[in-house]
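Below are the chains, spelled out letter by letter.
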Amino acid sequence: MTTRWAFVPSAPLLAVPDDPSLAPVRDAARSAVSRLIGDATAVTVLDGSADGAAYDERAGGDLRDFGLDIRAGGQRGELGLAHTLGAWLLDDAGWRGPRAYVSSLAEVPSALLVVADGYACVNDLSPLGFDPRGQKAQAEIVEVLASAVPEALCSLDMESALRLGCTGAPSLAVAGRMAAGRGWRGAVTYDDAPLGIGYWVATWESGDPSA
(Lines give C-alpha, C1' and ligand atoms only; values in the text may rest on other atoms or scores of the structure.)
Protein backbone atom coordinates (compact mmCIF):
# COMPACT_ATOMS: atom_id res chain seq x y z
CA MET A 1 0.00 0.00 0.00
CA THR A 2 1.36 3.40 -0.97
CA THR A 3 1.13 6.20 1.56
CA ARG A 4 0.82 9.61 -0.08
CA TRP A 5 1.25 12.99 1.59
CA ALA A 6 1.04 16.47 0.08
CA PHE A 7 2.31 19.78 1.43
CA VAL A 8 0.56 22.97 0.29
CA PRO A 9 0.35 26.60 1.49
CA SER A 10 -2.58 28.23 3.30
CA ALA A 11 -2.82 31.38 1.16
CA PRO A 12 -6.47 32.60 1.03
CA LEU A 13 -6.08 33.64 -2.62
CA LEU A 14 -5.38 30.00 -3.44
CA ALA A 15 -9.16 29.55 -3.31
CA VAL A 16 -9.82 32.24 -5.93
CA PRO A 17 -9.47 30.36 -9.23
CA ASP A 18 -9.37 33.49 -11.38
CA ASP A 19 -6.69 35.27 -9.32
CA PRO A 20 -3.58 35.29 -11.52
CA SER A 21 -1.02 36.07 -8.82
CA LEU A 22 -1.13 32.53 -7.45
CA ALA A 23 -1.92 30.62 -10.64
CA PRO A 24 1.34 28.58 -10.65
CA VAL A 25 1.08 27.51 -7.01
CA ARG A 26 -2.66 26.84 -7.39
CA ASP A 27 -1.99 24.58 -10.37
CA ALA A 28 0.74 22.75 -8.48
CA ALA A 29 -1.46 22.32 -5.40
CA ARG A 30 -4.35 21.02 -7.48
CA SER A 31 -2.08 18.49 -9.14
CA ALA A 32 -0.68 17.33 -5.80
CA VAL A 33 -4.14 16.93 -4.27
CA SER A 34 -5.41 15.09 -7.33
CA ARG A 35 -2.59 12.57 -6.94
CA LEU A 36 -3.16 12.40 -3.17
CA ILE A 37 -6.79 11.33 -3.50
CA GLY A 38 -6.22 8.97 -6.43
CA ASP A 39 -6.73 5.69 -4.56
CA ALA A 40 -7.44 7.06 -1.08
CA THR A 41 -10.29 5.84 1.08
CA ALA A 42 -10.05 8.78 3.50
CA VAL A 43 -8.06 12.02 3.68
CA THR A 44 -6.60 13.74 6.74
CA VAL A 45 -5.96 17.51 6.69
CA LEU A 46 -3.31 18.70 9.14
CA ASP A 47 -2.94 22.14 10.73
CA GLY A 48 -0.51 21.72 13.61
CA SER A 49 -1.28 25.20 14.96
CA ALA A 50 -5.00 24.46 15.46
CA ASP A 51 -4.69 23.25 19.05
CA GLY A 52 -6.90 20.27 19.76
CA ALA A 53 -8.76 20.40 16.43
CA ALA A 54 -10.50 17.16 15.52
CA TYR A 55 -13.34 17.39 13.01
CA ASP A 56 -14.83 15.16 10.35
CA GLU A 57 -16.35 15.84 6.93
CA ARG A 58 -19.30 17.67 8.49
CA ALA A 59 -16.98 20.55 9.38
CA GLY A 60 -16.53 23.52 7.08
CA GLY A 61 -15.08 27.00 7.03
CA ASP A 62 -15.13 30.27 5.13
CA LEU A 63 -12.76 33.07 4.11
CA ARG A 64 -14.94 36.05 5.02
CA ASP A 65 -12.25 37.39 7.37
CA PHE A 66 -10.08 37.78 4.27
CA GLY A 67 -12.77 39.57 2.26
CA LEU A 68 -13.63 36.49 0.21
CA ASP A 69 -17.12 35.08 -0.16
CA ILE A 70 -15.90 31.49 -0.22
CA ARG A 71 -17.04 28.50 1.80
CA ALA A 72 -15.55 25.01 1.80
CA GLY A 73 -16.23 21.67 3.39
CA GLY A 74 -19.35 20.76 5.34
CA GLN A 75 -22.08 22.86 6.89
CA ARG A 76 -20.52 23.37 10.31
CA GLY A 77 -18.43 26.54 10.45
CA GLU A 78 -15.66 25.20 12.66
CA LEU A 79 -12.51 25.33 10.52
CA GLY A 80 -9.66 27.81 10.70
CA LEU A 81 -7.75 29.14 7.70
CA ALA A 82 -5.42 26.22 6.97
CA HIS A 83 -8.12 23.60 7.38
CA THR A 84 -10.49 25.68 5.24
CA LEU A 85 -7.91 25.85 2.46
CA GLY A 86 -7.45 22.10 2.71
CA ALA A 87 -11.23 21.67 2.51
CA TRP A 88 -11.37 23.92 -0.55
CA LEU A 89 -8.67 21.93 -2.34
CA LEU A 90 -10.49 18.67 -1.61
CA ASP A 91 -13.81 20.15 -2.78
CA ASP A 92 -12.11 21.47 -5.90
CA ALA A 93 -10.65 18.04 -6.62
CA GLY A 94 -14.08 16.43 -6.30
CA TRP A 95 -13.30 14.46 -3.15
CA ARG A 96 -16.51 13.07 -1.60
CA GLY A 97 -15.06 10.54 0.81
CA PRO A 98 -14.37 10.73 4.56
CA ARG A 99 -12.24 13.58 5.87
CA ALA A 100 -10.55 14.38 9.17
CA TYR A 101 -9.29 17.84 10.11
CA VAL A 102 -6.68 17.53 12.87
CA SER A 103 -3.86 19.31 14.69
CA SER A 104 -2.01 16.15 15.73
CA LEU A 105 -1.49 12.60 14.49
CA ALA A 106 -1.76 9.36 16.42
CA GLU A 107 -0.87 7.16 13.44
CA VAL A 108 0.45 7.50 9.90
CA PRO A 109 -2.42 8.50 7.56
CA SER A 110 -2.36 6.89 4.13
CA ALA A 111 -3.46 10.21 2.60
CA LEU A 112 -2.38 13.37 4.42
CA LEU A 113 -2.72 16.98 3.30
CA VAL A 114 -0.33 19.21 5.27
CA VAL A 115 -1.41 22.85 4.93
CA ALA A 116 1.56 25.01 5.95
CA ASP A 117 3.05 28.35 4.93
CA GLY A 118 6.76 29.06 4.95
CA TYR A 119 8.67 32.12 6.16
CA ALA A 120 7.20 35.65 6.04
CA CYS A 121 10.52 37.46 5.59
CA VAL A 122 12.02 36.02 2.42
CA ASN A 123 12.00 39.09 0.15
CA ASP A 124 11.13 42.79 0.03
CA LEU A 125 7.41 42.03 -0.36
CA SER A 126 7.33 40.08 2.89
CA PRO A 127 5.03 41.16 5.75
CA LEU A 128 8.00 41.14 8.14
CA GLY A 129 10.42 42.66 5.65
CA PHE A 130 13.45 40.87 4.32
CA ASP A 131 15.54 38.81 6.72
CA PRO A 132 18.33 36.62 5.31
CA ARG A 133 17.76 34.14 8.14
CA GLY A 134 14.25 33.50 6.88
CA GLN A 135 15.40 33.18 3.30
CA LYS A 136 18.04 30.63 4.33
CA ALA A 137 15.62 28.68 6.52
CA GLN A 138 13.03 28.62 3.75
CA ALA A 139 15.56 27.14 1.32
CA GLU A 140 16.56 24.52 3.89
CA ILE A 141 12.97 23.36 4.42
CA VAL A 142 12.36 23.16 0.69
CA GLU A 143 15.43 20.94 0.41
CA VAL A 144 14.13 18.75 3.25
CA LEU A 145 10.76 18.43 1.51
CA ALA A 146 12.47 17.52 -1.76
CA SER A 147 14.70 14.90 -0.16
CA ALA A 148 11.88 13.62 2.13
CA VAL A 149 13.89 13.43 5.35
CA PRO A 150 11.28 13.70 8.11
CA GLU A 151 13.84 13.68 10.92
CA ALA A 152 15.01 17.12 9.74
CA LEU A 153 11.50 18.49 10.25
CA CYS A 154 11.50 17.10 13.79
CA SER A 155 14.56 19.21 14.64
CA LEU A 156 13.05 22.46 13.37
CA ASP A 157 13.80 25.38 15.74
CA MET A 158 10.20 26.24 16.52
CA GLU A 159 10.87 29.46 18.41
CA SER A 160 13.05 30.87 15.64
CA ALA A 161 10.67 29.70 12.90
CA LEU A 162 7.65 31.37 14.48
CA ARG A 163 9.61 34.54 15.17
CA LEU A 164 10.45 34.72 11.46
CA GLY A 165 6.82 34.22 10.47
CA CYS A 166 6.79 30.54 9.53
CA THR A 167 3.24 29.80 10.65
CA GLY A 168 3.45 26.33 9.13
CA ALA A 169 6.27 25.22 11.43
CA PRO A 170 4.00 23.37 13.90
CA SER A 171 2.43 21.39 11.05
CA LEU A 172 5.82 20.47 9.64
CA ALA A 173 7.01 19.30 13.05
CA VAL A 174 3.91 17.13 13.59
CA ALA A 175 4.29 15.59 10.14
CA GLY A 176 8.01 15.02 10.66
CA ARG A 177 7.54 13.21 13.96
CA MET A 178 4.91 10.89 12.52
CA ALA A 179 6.87 10.20 9.32
CA ALA A 180 10.20 9.47 11.02
CA GLY A 181 11.64 6.01 10.63
CA ARG A 182 10.03 5.28 7.26
CA GLY A 183 11.40 5.44 3.76
CA TRP A 184 9.95 8.23 1.62
CA ARG A 185 10.30 9.59 -1.90
CA GLY A 186 9.89 13.34 -2.15
CA ALA A 187 9.39 15.96 -4.85
CA VAL A 188 8.90 19.72 -4.72
CA THR A 189 6.76 21.01 -7.58
CA TYR A 190 6.54 24.65 -6.47
CA ASP A 191 8.86 26.93 -4.49
CA ASP A 192 8.42 30.70 -4.58
CA ALA A 193 7.15 33.71 -2.62
CA PRO A 194 4.89 35.72 -4.94
CA LEU A 195 3.27 37.58 -2.03
CA GLY A 196 6.38 37.77 0.13
CA ILE A 197 5.62 34.56 2.07
CA GLY A 198 7.38 31.35 1.22
CA TYR A 199 5.03 28.88 -0.46
CA TRP A 200 5.80 25.31 -1.40
CA VAL A 201 4.00 22.38 -2.92
CA ALA A 202 5.58 19.02 -2.26
CA THR A 203 4.62 15.36 -2.35
CA TRP A 204 5.90 12.45 -0.29
CA GLU A 205 5.26 8.79 -1.00
CA SER A 206 6.12 5.70 1.00
CA GLY A 207 5.67 2.12 -0.06
CA ASP A 208 6.15 0.78 3.45
CA PRO A 209 4.05 -2.42 3.63
CA SER A 210 3.01 -1.55 7.19
CA ALA A 211 1.26 1.63 5.94
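Attention here is on the structure that accompanies the text. Every value quoted in this text rests on a predicted model; they were computed, and no experiment measured them.

Focus: the overall build of the chain
Each helix and strand in the chain was counted, giving six helices and ten strands. Taking 211 residues into account, the globule formula puts the C-alpha radius of gyration at 17 Å, and the chain, at 16 Å, falls close to it. Split into buried and exposed, the 211 residues of the chain put 53% on the buried side. Look at the contacts in the chain between residues 6 or more apart in sequence, and 70% of them connect residues 24 or more apart. Accessible surface for the chain amounts to roughly 9,200 Å². Of this, 50% is attributable to carbon and sulfur atoms. A distance of 4 Å separates the average location of the 16 positive side-chain charges in the chain from that of its 27 negative side-chain charges.

Some thoughts on the layout of surface pockets
Empty space within the largest pocket amounts to approximately 200 Å³. Lining of the largest pocket is provided by 15 residues; of these, Tyr119, Ala137, Glu140, Ile141 and Leu156 occupy positions nearest its centre. Of all the elements in the fold, those that place two or more residues in the lining of the largest pocket are α3 (132-147), α4 (150-154) and α5 (158-163). When residues of the lining of the largest pocket are assigned to their parent elements, the largest contribution, six residues, is made by α3. Its residues assigned to classes, the lining of the largest pocket shows nine nonpolar, two polar and four charged.

Some details on the nonpolar core
Within the largest apolar cluster, 39 residues are counted, with the highest numbers of intra-cluster contacts made by Val43, Leu90, Leu113 and Val201. Listing elements by their share of this core, those giving two or more residues are β1 (3-8), α1 (23-36), β2 (43-46), α2 (81-92), β8 (111-115) and β10 (199-206). The residues contacting Leu90, other than those within four sequence positions of it, are Val33, Ile37, Val43, Val45, Trp95, Arg99 and Leu113. If you look at the next biggest cluster of nonpolar residues, it comprises 33 residues, including Phe7, Leu46, Ile141 and Ala169.

What to know about the sheet that holds strand β4 (residues 59-62)
Ordered in space as β5-β4-β6, the three strands form an open sheet in which the pairing is mixed. The open sheet has two edge strands, β5 (71-73) and β6 (76-77), and neither has a second partner. In this sheet, β5 lies alongside β4 in antiparallel orientation, the contact comprising three bridges. Note on β5: the bridge partner recorded for Gly61 is Ala72.

Overview of the sheet that holds β10
Spatially, seven strands are ordered β3-β7-β2-β8-β1-β10-β9 in an open sheet, and the strand pairing comes out mixed. Among the strands making up the open sheet, the edge pair consists of β3 (54-56) and β9 (185-192). Between one strand and the next, the sheet's axes are offset by a mean angle of 15 degrees, whatever the strand orientation. Sheet analysis places β1 next to β8, joined by five bridges and oriented parallel. Directly across from Phe7, in β8, lies its bridge partner Val114.

Thoughts on the state of the cysteines
In this structure the tally under the stated criterion is zero disulfides. Here Cys154 stays free of any disulfide, with the sulfur of Cys166 as its closest cysteine sulfur at 15 Å. Here Cys166 is not cross-linked by a disulfide; its sulfur's nearest cysteine counterpart is in Cys121, at 9.1 Å. Residue Cys166 is classed as buried on the basis of its relative accessible area of 0%.

Rules used in this analysis
Residues numbered from 1 in each chain as written. Predicted model: local features only at pLDDT ≥ 70, side-chain atom pairs only at ≥ 80, totals over all residues. Heavy atoms only, no water. Helix = DSSP H or I, 4+ residues; strand = E, 2+ residues; numbered from the N terminus. Rg over C-alpha atoms; globule rule 2.2 N^0.38 Å. Buried < 20%, exposed > 50% of the residue type's maximum accessible area, 1.4 Å probe, protein only. Contact = heavy atoms within 4.5 Å. Areas by Shrake-Rupley, 256 points an atom, 1.4 Å probe, with all protein chains shown as cover. Lys, Arg positive; Asp, Glu negative; His and termini not counted. Charge placed at Lys NZ, Arg CZ, Asp CG, Glu CD. 1 Å grid on protein atoms, 1.4 Å probe; cavity = no way out; pocket = protein on both sides within 12 Å on 5 of 7 lines; lining within 4 Å. Points joined across faces, edges and corners; volume = space filled by probe spheres on them. Nonpolar A, V, L, I, M, F, W, Y, C, P; charged D, E, K, R; others polar. Core = buried A, V, L, I, M, F, W, Y, C linked by side-chain atoms within 4.5 Å. Pairing = 2+ DSSP bridges. Axes fitted to C-alpha atoms, helices over the stretch in contact; angles between N-to-C directions. Disulfide = S-S within 2.5 Å.

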